[in-house]
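# Fold and geometry: a report
Okay, here's what each chain looks like letter by letter:
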Amino acid sequence: DTEVTQTPKHLVMGMTNKKSLKCEQHMGHRAMYWYKQKAKKPPELMFVYSYEKLSINESVPSRFSPECPNSSLLNLHLHALQPEDSALYLCASSHKTTSGGAMYEQYFGPGTRLTVT
Amino acid sequence: QKEVEQNSGPLSVPEGAIASLNCTYSDRGSQSFFWYRQYSGKSPELIMSIYSNGDKEDGRFTAQLNKASQYVSLLIRDSQPSDSATYLCALGYGQNFVFGPGTRLSVLP
C-alpha cells in the first residue's frame, strides 16, 4: 500500500499565526520529503529527511521549520509566513534516499493547500 | 544548476492514439529518472521509473532513456480522455529530486 497521508487538507492562516502541517506514512520508508508547489509550476524540494535526520535543506527560510519525530511522521512548522508562501505543500516518502547513486521512487501525499492572508 | 526541460504543451492527441512526451536534462551524472502524472488540483502520481538505457514497459506506458543524448521520453499507447493531465519528468541526483516544468496532455474523445 503506497499511501502517504497529510493533514490538514486546507489551511488558512494569518501572517502572525503559528501552525503545523503533518505527514504520515506506514510503508516502512526511511526517507521523507517536503515540497512546495505554486500554481502551474512543478514541485520544488524543500527538505529531505533520511533515517529521521535532516539531510537536505534547500535554502528554505527559517519561518519553515521541519521536524521528524519518528520514521513514520514528518511535520512542517509554520511561523510568520508571507502571502507569497501560499502554495500546495506536498509530503513524499521513499524506501531510502539513494542506493549506489540511484534515487528511489518517491510517493506523494495529497498535499495541504495553504493560504496566507 | 540541474535543468530539466519539457515542452509545456498543451499536447493534444485523439483518443486511441499514441502520446509521446519528451524530456531533456543537463546533468550527465544523473542516474535516476521518473515520470509522474498530475491531475489539476491533485498531487503527483508515480507512473514509472527508469535507470538504464533502453525501454521499460508497464501496461500502456513505455519509458525510454538515452543517457548519451540526455533525454527520456514517455509513450502512452491507446490514449484515453482520463490520461488528460500534466506529465512531470523528474531526475534524481544525490539526494535531490528535480522536476521539469511539465507537459500538459489533452486526449480528445
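Attention in this report is confined to the structure presented alongside it.

### Some thoughts on the side chain of A:Thr112
Residues and elements named next belong to chain A. Looking at the secondary structure, you find Thr112 in strand β13 (residues 112–116). Judged by relative accessible area, Thr112 falls into the buried class, the value being 0%. When near neighbours in sequence (up to four residues on either side) are disregarded, Thr112 contacts Gln6, Thr7, Pro8, Lys9, Leu11, Leu21, Ala87, Leu88 and Tyr89.

### A word on the packing of aromatic side chains
Across all of its chains, the model carries twelve aromatic pairs over all chains by this definition. Taking 6.4 Å as the distance between ring centres and 35° as the angle between the ring planes, the aromatic pair formed by A:Tyr33 and A:Tyr35 counts as tilted. Residue A:Tyr33 shares its accessibility class with A:Tyr35, and that shared class is buried. Between B:Tyr36 and B:Phe97, the ring centres sit 6.3 Å apart and the planes meet at 80°, which makes this aromatic pair edge-to-face. Placement of B:Tyr36 in strand β4 (residues 32–38) and of B:Phe97 in strand β10 (residues 96–99) is noted, with a sequence separation of 61 residues between them. One cation-aromatic arrangement involves B:Arg60 over B:Phe61; the distance from NZ or CZ to the ring centre is 5.5 Å.

### Section: the sheet that holds strand β3 (residues 19–25) of chain B
Residue and element names in this part refer to chain B. Read from one edge of the open sheet, five strands run β1-β3-β8-β7-β6, paired in antiparallel fashion. Looking at the sheet topology across the chains shown, the edges are occupied by β1 (4–6) and β6 (54–58). Between one strand axis and the next, the sheet turns by 20° as a mean value, whatever way the strands run. Summarising the sheet, β3 and strand β8 (residues 71–76) pair through six bridges and their orientation is antiparallel. Across the sheet, Thr24 pairs through a bridge with Tyr71, a residue of β8.

### Notes on the nonpolar core
Residue and element names in this part refer to chain B. In this structure, Trp35, Val72, Leu74, Ile76 and Tyr87 are the most contacted members of the largest nonpolar core, which totals 24 residues. Mapped by element, the contributors of at least two residues to this core are β3, β4, β5 (45–50), β7 (61–66), β8, β9 (85–93) and β11 (103–108). Those residues in contact with Val72 that lie beyond four places of it in its chain are Leu21, Asn22, Cys23, Phe33, Trp35, Ile50, Gln64, Leu65 and Cys89.

### Quick look at the pairing of β9(B)
Remark: a regular strand shows side chains that alternate across the two faces of the sheet. Residue and element names in this part refer to chain B. Counting buried residues along β9, seven of its nine residues qualify, which places the element largely inside the surrounding structure. Judged from the seven bridges that link them, β4 and β9 form a sheet pairing that is antiparallel. Across the sheet, residue Phe33 finds its bridge partner in β9, namely Leu91. Relative to β11, β9 is paired through three bridges, and the arrangement is antiparallel. For Tyr87, the partnering residue across the bridge sits in β11 and is Thr103. Taken together, the four bridges between β9 and β10 define a ladder with antiparallel strand orientation.

### A closer look at the interface of chain A and chain B
Quoted interface sizes are often the accessible area lost when the parts come together. Taken residue by residue, the interface counts 27 residues in chain A and 22 residues in chain B. The tally of links between chain A and chain B comes to zero salt bridges. Put simply, the parts of the chain that give the side of chain A that touches chain B at least two residues each are β4 (31–37), β5 (44–50), β6 (53–57), β9 (87–94), β11 (102–103) and β12 (107–108) of chain A. Per-class residue counts for the side of chain A that touches chain B are 15 nonpolar, nine polar and three charged.

The rules behind each value
Residues numbered from 1 in each chain as written. Chains lettered and ligands numbered in written order. Predicted model: local features only at pLDDT ≥ 70, side-chain atom pairs only at ≥ 80, totals over all residues. Heavy atoms only, no water. Helix = DSSP H or I, 4+ residues; strand = E, 2+ residues; numbered from the N terminus. Buried < 20%, exposed > 50% of the residue type's maximum accessible area, 1.4 Å probe, protein only. Contact = heavy atoms within 4.5 Å. Phe/Tyr/Trp six-rings, centres within 6.5 Å; stacked < 30°, edge-to-face > 60°. Lys NZ or Arg CZ within 6 Å of the ring centre and 35° of its normal. Pairing = 2+ DSSP bridges. Axes fitted to C-alpha atoms, helices over the stretch in contact; angles between N-to-C directions. Core = buried A, V, L, I, M, F, W, Y, C linked by side-chain atoms within 4.5 Å. Salt bridge = Lys/Arg side-chain N within 4 Å of Asp/Glu carboxyl O. Nonpolar A, V, L, I, M, F, W, Y, C, P; charged D, E, K, R; others polar.

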